[in-house]
Amino acid sequence: MAIKTRVFVIEADQVIRSALGYILSERHETFTFAETADALTKAARTTPDAVLIGMSILEDDGAETVGMLARTMHQAGIIVVAGSTKSPLALAGLRQGAEAIIAKPITFDGVTHAVDSVLARRGSEPGLTA
C-alpha cells in the first residue's frame with residue numbers, strides 16, 4: 001500500500017493557503033496553518049516531508065524563519081511561495097535553506113511539480129511503499 005507524504009502549508013493569506021491545501025490534498029496528507037507557531041506545534045507530533053511557506057509569513061517574520069524551519073524540521077524540504085522567483089526575500093529564503101521557490105500565480109502543475117521534485121530529491125516521493 002502506498003504511503004501518502006505529509007505536507008505542511010504555512011501561509012497567513014487564507015485564499016492562498018486554501019488553494020495550496022486543495023491542490024496538494026489529493027496526493028499528499030496536507031495540513032494548513034496561518035502561523036508558523038501552529039505548524040511547529042503540529043510538527044512536534046507529526047513529521048512533515050515538505051513545508052511550503054508563503055511570502056506573507058516571511059514578510060512578517062523574516063527569511064530567518066526558513067532557516068529555523070530547516071533546522072527544526074530538518075527532514076522536510078522547504079519551499080517558498082513567492083510573487084517571483086527573483087524576489088529578494090524568496091532568494092534570502094533559499095540562502096536560509098529552502099530548496100525551491102514556487103512563483104505566483106500558483107497553478108496545479110507548478111505546485112505539484114515543485115513539491116514532487118523536492119520530495120524526489122529527498123527520497124520520499126508519493127507512491128513509495130512501506
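Residues numbered from 1 in each chain as written. Predicted model: local features only at pLDDT ≥ 70, side-chain atom pairs only at ≥ 80, totals over all residues. Heavy atoms only, no water.

A. Structural detail: the sheet that holds strand β1 (residues 5-10). Strand order in the open sheet formed by 5 strands is β2-β1-β3-β4-β5, and the pairing between neighbours is parallel. Each having just a single partner strand, β2 (28-33) and β5 (100-103) make up the two edges of the open sheet. Across this sheet, the average inter-strand angle for adjacent strands is 20 degrees, counted without regard to direction. Two elements, strand β3 (residues 50-54) and strand β4 (residues 77-82), share 5 bridges in a ladder whose sense is parallel. Note on β4: the bridge partner recorded for Ile53 is Val80. Helix α6 (residues 108-121) contacts β1, β2, β3, β4 and β5 of the sheet and is inclined by roughly 160 degrees relative to β4. (Pairing = 2+ DSSP bridges. Helix = DSSP H or I, 4+ residues; strand = E, 2+ residues; numbered from the N terminus. Axes fitted to C-alpha atoms, helices over the stretch in contact; angles between N-to-C directions. Contact = heavy atoms within 4.5 Å.)

B. Molecular detail of the pairing of β1. Counting buried positions along β1 yields 5 of 6 residues, so the element is predominantly enclosed. Pairing of β1 with β2 involves 6 bridges; the strand directions are parallel. Residue Phe8 lies in a different strand from β2, and its bridge partner there is Phe31. Following the backbone out of β1, through helix α1 (residues 14-25) and into the adjacent parallel β2, one traces a crossover that is right-handed. (Buried < 20%, exposed > 50% of the residue type's maximum accessible area, 1.4 Å probe, protein only. Right-handed = clockwise from strand over helix to strand, strands pointing away.)

C. Structural context of the side chain of Thr5. Position of Thr5 among the secondary structure elements: in strand β1. Its relative accessible area of 5% is what places Thr5 among the buried residues. There is a polar contact of 2.5 Å between the side chain of Thr5 and the side chain of His28. (Polar contact = N/O pair within 3.5 Å; in protein donor to acceptor, adjacent residues only side chain to side chain.)

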